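Notes for the structure review
Listed below, chain by chain, are the residues.
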Amino acid sequence: MERPPRQAEPAPEGSTCAEHPEREALVTCPRCGSYCCIACWHNAAERCHACLLRDPLPPVPWADEERGWVSRLAGTLGDAIRPSRSAPGFLRGAWTRGISFAALTFLPLAALSGIIPFTHRVLFGGRFAITLAGDPTGAEVALDLLQAAGFGLLLSAVKLLCLAVPFASLTRAYGDKDIESRPARQVMLYRGWLLTLGGNGGLLLGLMVWGLPFSSGADLGELTQVMLYVISLLPLLLLLWSMTSTARVAGAGPVASTVVVLVPFLAMMFAEPMLLDLISPWLPDSEALREAAEAAGL
Ligand SMILES: [Zn+2]
Ligand SMILES: [Zn+2]
């Protein structure tokens, strides 16, 4: 349960929520003085739901015209590590502003995320080594990198859509329907880049394995593998946490805001192996890669 901060007084014993007369009130809103139940109180914003909509917090840094673009970009990227505190910003501004941010962050990272797992000719071994398999021409290497980047882009885009489409419609169904800033769309555009970093095919795991002081054929050991995998999940957790916090400020209750994230997440986990299977004829075969790595002395 969310605990009220020190500034907010608890609601008087036996009082009921101003919005939901059938529910017990827990907190007195420090702004408007009304009594709120757990669903109406926003701990990170320290105000009730009505006050949050009436008097919203500053918008996403990217949408702040006063700042230079580097500061807007850095501020918005940095906000990803404060999912609850930054979520109320998605209640402000036009969601379409997030499109340029996603084009600058999600698209290049998604393309990069395909390079390490999907190249046939360029091998990424331990200690950030790069080796060419066989004796490819420059054009073959370029084509190989381009195709791998294309698959990274395709896979990340499909995963993002699997998350974003059900999340946006469920958030609208469980939350307030008339928030013009479309917070669910905003969180996907401003935080979607986290998806390219996290998980099994993510950039973070690829970079960690590439940089490890082992050869690619070596057995990493179970503990190291589990540790690397857990670290690689952190960006995904930040994304899911951001989505839950956003569903909360968009008016979904504490339980509903978890459901509206969990359902799309399961859809994505289900779709990913099917898509990988579909494009598998064009992906490098792990046995062939291992042989090539050994032949190249990695
Ligand atoms: Zn209030
Ligand atoms: Zn209430």
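Residues numbered from 1 in each chain as written. Chains lettered and ligands numbered in written order. Predicted model: local features only at pLDDT ≥ 70, side-chain atom pairs only at ≥ 80, totals over all residues. Heavy atoms only, no water.

1. With respect to unusual backbone geometry
With a phi close to 55 degrees, Phe128 is a non-glycine residue in the positive phi region. Exposure remark for Phe128: the relative accessible area of 51% places this residue in the exposed category. In this model, Arg182 sits at a positive phi of 50 degrees, which is unusual for a non-glycine residue. Along the chain, Arg182 falls in the loop between helix 5 (138-174) and helix 6 (183-191). Residue Arg182 is classed as partly exposed on the basis of its relative accessible area, which comes to 24%. (Buried < 20%, exposed > 50% of the residue type's maximum accessible area, 1.4 Å probe, protein only. Helix = DSSP H or I, 4+ residues; strand = E, 2+ residues; numbered from the N terminus.)

2. Considerations on the coordination of the zinc ion (ligand 1)
Coordination of the zinc ion (ligand 1) by the protein comes from Cys29 (SG), Cys32 (SG), Cys48 (SG) and Cys51 (SG), over a distance range of 2.2 to 2.3 Å. If you look at the zinc ion (ligand 1), its four donor atoms make angles of 105 to 114 degrees with each other, and the shape they trace is tetrahedral. Each donor residue of the zinc ion (ligand 1) belongs to the same chain, and together they define the spacing C-x2-C-x15-C-x2-C. One end of the pair, Cys29, is in the loop between strand 2 (27-28) and strand 3 (35-36); the other, Cys51, is in helix 1 (residues 49-54), with 22 residues separating them in the sequence. As far as the burial class goes, Cys29 and Cys51 line up, both buried. (Donors = N, O, S within 2.8 Å, 3.2 Å for Na, K, Ca; no water. Tetrahedral: all angles 85-135°; square planar, octahedral: opposite > 155°, others 65-115°.)

3. Regarding the sheet that holds strand 1 (residues 9-10)
Here we have three strands laid out as an open sheet, ordered 1-2-3, and antiparallel in their pairing. Looking at the sheet topology across the chains shown, the edges are occupied by strand 1 and strand 3. Inspection of the sheet shows strand 1 paired to strand 2 by two bridges, in the antiparallel sense. Counterpart to Glu9 in the pairing with strand 2 is Thr28. (Pairing = 2+ DSSP bridges.)

4. With respect to the packing of aromatic side chains
Within this structure, the stated rule accounts for six aromatic pairs. Between the aromatic rings of Phe124 and Trp210, the centroid separation amounts to 5.1 Å while the plane-to-plane angle is 85 degrees, which identifies the pairing as edge-to-face. Of this pair, Phe124 sits in strand 6 (residues 122-124) while Trp210 is found in helix 8 (residues 203-211), placing the two residues 86 residues apart along the sequence. Residue classification places Trp210 among the buried positions, given a relative accessible area of 15%. Grouping aromatic residues by their ring pairs yields a cluster made of Trp62, Phe90, Phe101 and Tyr190. Here the guanidinium or amino end of Arg72 rests over the ring plane of Trp62, the centre of that ring lying 4.7 Å away. A cation over an aromatic ring shows up here: Arg185 above the ring of Trp95, its NZ or CZ 4.6 Å from the ring centre. (Phe/Tyr/Trp six-rings, centres within 6.5 Å; stacked < 30°, edge-to-face > 60°. Lys NZ or Arg CZ within 6 Å of the ring centre and 35° of its normal.)

5. Details of a nonpolar patch on the surface
There is a patch of nonpolar side chains on the surface, built from Tyr174, Val255, Val259 and Val263 and spanning about 360 Å² of accessible area. Inspection of the secondary structure puts Val263 in helix 10 (residues 256-278). Accessibility expressed as a relative area gives 43% for Val263, which makes it partly exposed. (Patch = residues over 30% accessible without salt bridge, like charges linked within 9 Å, V, L, I, M, F, W, Y side chains within 5 Å. Areas by Shrake-Rupley, 256 points an atom, 1.4 Å probe, with all protein chains shown as cover. Salt bridge = Lys/Arg side-chain N within 4 Å of Asp/Glu carboxyl O.)

6. A few points about the coordination of the zinc ion (ligand 2)
The protein atoms donating to the zinc ion (ligand 2) are Cys17 (SG), His20 (ND1), Cys37 (SG) and Cys40 (SG), with metal-donor distances spanning 2.0 to 2.3 Å. Here the zinc ion (ligand 2) is ringed by four donor atoms whose angles at the metal span 100 to 115 degrees, and the overall shape comes out tetrahedral. In the primary structure, the donors to the zinc ion (ligand 2) are separated according to the pattern C-x2-H-x16-C-x2-C. Of the two residues, His20 sits in the loop between strand 1 and strand 2 while Cys40 sits in the loop between strand 3 and strand 4 (41-42), which places them 20 residues apart along the sequence.

7. Topic: the domain arrangement of the protein chain
The parts lose accessible area when they come together, and the size of an interface is often stated as this lost area. Each domain of the protein chain was delimited in the assignment, giving domain 1 (1-55) and domain 2 (58-295). Centre-to-centre, using C-alpha coordinates, domain 1 lies 35 Å away from domain 2. Across the contact, eleven residues belong to domain 1 and eleven residues belong to domain 2. When domain 1 packs against domain 2, close to 750 Å² is buried across both sides, 61% of that on carbon and sulfur atoms. Summed over the shared surface of domain 1 and domain 2, the number is zero salt bridges. Only strand 4 and helix 1 provide two or more residues apiece to the side of domain 1 that touches domain 2. Sort the elements by how many residues they give to the side of domain 1 that touches domain 2 and helix 1 lands first, with three residues. Class assignment for the residues of the side of domain 1 that touches domain 2 results in seven nonpolar, two polar and two charged. (Domains from an automatic or database assignment. Contact = heavy atoms within 4.5 Å. Buried area = accessible area lost by both parts, 1.4 Å probe. Nonpolar A, V, L, I, M, F, W, Y, C, P; charged D, E, K, R; others polar.)

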